[in-house]
Amino acid sequence: KSEFNAEYDLVVVGSGAGALTSAVTAAAKGLRVLVVEKTDKYGGTSALSGGGIWIPCNHHFKAKGGQDSPEKAWTYLKNAIGDDIDEARVRKYIEKAPEMIQWLEQNSRVRYAVAEKYPDYYPQYEGFLPGGRTLDPELFDIASLKDELPHLREASRGNMLMGKISWTARQAHIAMSKSRGWRLMVIWMMLRYKLDFMWRKKTGEKRDRRTALGNALIASLRASLIDRNVPLWLNTNFVELIEEEGRVCGIVVEREGKQQRIRADKGVILAAGGFEQNPELREKYLPKPNKVEWSTTPEGANTGAALEAGQKLGAATALLDWAWWTPSFVVPGETKARGVFAERAFPGAIVVNGLGQRFVNEATPYLEFVTAMYADNEKTQGKTTPSWVIFDAKYRFSYAMGPLMPGQIMPDSRLRKEWLNKLYYKADTLDGLAAQIGVDAMGLQETVKKINHYAETGVDEDFGRGGNVFDRYYGDSNVTPNPCLAPIAKGPFYAMPIQAGDIGTKGGLLTNEHAQVVKPDGQVIPGLYAIGNTSASVMGTTYPGAGGTLGPAMTFGYVAALDAAAK
Ligand code: FAD
């Protein structure tokens, strides 16, 4: 047998939420665990995500009197995913997801609360719930990370109030929908941040001590690993799997300029994300056009090494032509694009193609939005990438659009100079705006005329925007008759290019219900697990609700760790 530089029971590749969940679980079950992370920061995309997890039948919702059942969740997923559904995996998910989060809350520092008003993404399907399945992380004090704090990947600025103050998804929703008390809440949050300046001064930290969303999830998981003395090696690049007698028993990494072989007696969990940061693999598998720059994920992190290592051992793959699509803005000077999650639904903004025509209900879930973009791009022969979000002065004053905070707190004079004519365009008339951005002026005039009429009647006759509870989640509750529709009438007018972005790829190594990697004939590759975006999504081509990627990543991380511990 060959020599090894280090020996563990279980090695986890990657340090996103699924990876760290599996490491905490395995350590609690008595395994000697090692986590290896390629970059100099832990957390991956998970650290800059919303941290939401979609967990049917979770205990938080139940505690509040919420009604859900495994059968109802199955019906919903069956309807959404369709005939391609992998029944064993999906049923396992429904069974284990609530167990996973309850276990984590009892055995680690992870804490969640239910986002009671966050609806599932597909109101059209039986089994849908208008809220209760999405959980949102509680705030977490990052000071407790001590020496490990500088290595925590920074939260996404787009996810924070004014780009720097942490808030939970529940708080963000109150502010964005302008629900009762939102102003006071925002003032209180800003005050709290300001009053904590001493901590920032003392530590030299620029970030908010109380972190939220995906950053709170990663920080709390990392703190839980510190509690259990689980090592996490940064700057350690996984290169290949080691197989002996038909079983995966370790990995080869590059560390400190050398190749090292690490033994993993009970298995290897590949949790190294997807391949969204790899231009060649994007070119090979994803629909065109697509670009790394449109992705909202950390620069250079997820380049598909784990996928390729699995393929080398003969693993089956699925869904490689899919991503967790999300429309995005490319902001000059920033290293990754920003997802346009909510603003599309706010009243008074529409999205058009190069013909000046709408092609989708703007408030639709992000995966479906970009899917519609690609479909329309075929029809218009390339005139839908980019698409253009159009809004007027009234919208600009009241609502955010990407990094453009509402004009009432960030007037145009305070916007960065380099953003003009790159991130946003501005003109006194719609025709002038259309000419600047190369969109058909007649088409745009026609579209705006229609939407202004729909704003009056409250019915979007073309795409039904604002016609269901999901759309209205990000509407303005003070706007009637339809909280997602308002006229575009008052100059100056604005346009911003929207790209076909992603928050990670969706396809990967095929796994069974134990998160074990399988070959095309269904045979398991012993000792090899894949989770998160390294694995082909259990959700097929759909996004059932907020937390539809992290929920499975963490659940199958938990499942894989339990399976390995039982061996
Ligand atoms: P990651 O979290 O990216 O972790 C993979 C890690 O593996 C990275 O740290 C990477 O550096 C490391 N790695 C890669 N290659 C190697 C190698 N060769 N050797 C060692 N390490 C390697 N999803 C939700 O479910 N809910 C949300 O609320 C949500 N909000 C989001 C908001 C934003 C702004 C974004 C960008 C995404 C959001 N997502 C959300 C999507 C979600 O964050 C990702 O799908 C998820 O984090 C992927 O998890 P992962 O573990 O597969 O990958």
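One can find the structure itself at the top, above this paragraph.
Residues numbered from 1 in each chain as written. Predicted model: local features only at pLDDT ≥ 70, side-chain atom pairs only at ≥ 80, totals over all residues. Heavy atoms only, no water.

Q: Give me the side chain of Arg358: which residues, what numbers.
A: Of note, Arg358 is situated in the loop between β15 (349–352) and α11 (366–379). For Arg358, a relative accessible area of 9% puts it in the buried group. Only 2.7 Å separates the side chain of Arg358 from the side chain of Glu362, close enough to count as a polar contact. Contact partners of Arg358, with chain neighbours within four places excluded, come to Ile350, Val351, Val352, Thr447, Ile451, Tyr454, Asp460, Asp462, Phe463 and Arg465. (Helix = DSSP H or I, 4+ residues; strand = E, 2+ residues; numbered from the N terminus. Buried < 20%, exposed > 50% of the residue type's maximum accessible area, 1.4 Å probe, protein only. Polar contact = N/O pair within 3.5 Å; in protein donor to acceptor, adjacent residues only side chain to side chain. Contact = heavy atoms within 4.5 Å.)

Q: Tell me about the site of the ligand, and name the residues and values.
A: By nearness alone, 36 residues border the ligand, and Glu37, Ser46, Asn533, Thr549 and Leu550 come closest of all. Between the ligand and Asn237, the relevant distance is 3.1 Å, taken from a nitrogen atom to a side-chain nitrogen or oxygen of the residue. For the ligand, an oxygen atom lies 2.7 Å from a polar atom in the backbone of Leu550. In the complex, 96% of the free accessible area of the ligand, which totals 1,000 Å², lies under the protein chains. If you tally residues by element for the shell around the ligand, the top one is strand β9 (residues 236–244), at three residues. Per-class residue counts for the shell around the ligand are 12 nonpolar, 22 polar and two charged. (Near = heavy atom within 4 Å. Areas by Shrake-Rupley, 256 points an atom, 1.4 Å probe, with all protein chains shown as cover. Nonpolar A, V, L, I, M, F, W, Y, C, P; charged D, E, K, R; others polar.)

Q: Break down the side chain of Asp471 for me, with residues and values.
A: With respect to the element layout, Asp471 can be found in helix α15 (residues 469–473). Notably, Asp471 is buried but unbridged: the nearest opposite-charge side chain belongs to Arg465, and the N-O separation is 6.6 Å. Leave out the neighbours within four places in its chain, and Asp471 touches Ala345, Asn361, Ala363, Gly464, Arg465, Gly466 and Cys484. (Lys, Arg positive; Asp, Glu negative; His and termini not counted. Salt bridge = Lys/Arg side-chain N within 4 Å of Asp/Glu carboxyl O.)

Q: Please provide a residue-by-residue account of the nonpolar core, values included.
A: Formed by 152 residues in total, the largest nonpolar core has its most connected members in Leu241, Ile251, Ile262 and Leu270. When neighbours within four sequence positions are excluded, Leu270 is seen to be in contact with Val13, Phe238, Leu241, Ala306, Leu509, Leu528, Tyr529, Ala530, Ile531 and Thr534. Counting 20 residues, the second-largest nonpolar core is a separate cluster that includes Ile350, Ala427, Ala434 and Val448. (Core = buried A, V, L, I, M, F, W, Y, C linked by side-chain atoms within 4.5 Å.)

Q: Go over the packing of aromatic side chains, please, and point to the residues and values.
A: When we look at a pair of aromatic rings, we describe it by the centre distance and by the angle of the planes. The tally for this structure, following the rule as stated, stands at 26 aromatic pairs. Ring centres of Tyr366 and Tyr543 lie 5.0 Å apart, and the angle between their planes is 75°; on these two criteria the pair is classed as edge-to-face. Of this pair, Tyr366 sits in helix α11 while Tyr543 sits in the loop between β21 (524–530) and α16 (550–566), and the two are 177 residues apart along the sequence. Here the two residues Tyr366 and Tyr543 agree in accessibility, since each one is buried. Among the aromatic residues, those joined into a cluster by ring pairs are Tyr118, Tyr121, Trp324, Phe341, Tyr366, Phe470, Tyr473, Tyr474 and Tyr543. (Phe/Tyr/Trp six-rings, centres within 6.5 Å; stacked < 30°, edge-to-face > 60°.)

Q: Outline helix α8 (residues 213–227), supporting the account with residue identities and numerical values.
A: Compared with the 21 Å implied by 1.5 Å per residue over 15 residues, the 21 Å span of α8 between its first and last C-alpha is a close match. Downstream of α8 by one or two residues, Asn229 has phi in the positive range, about 55°. (Expected span 1.5 Å × (residues − 1).)

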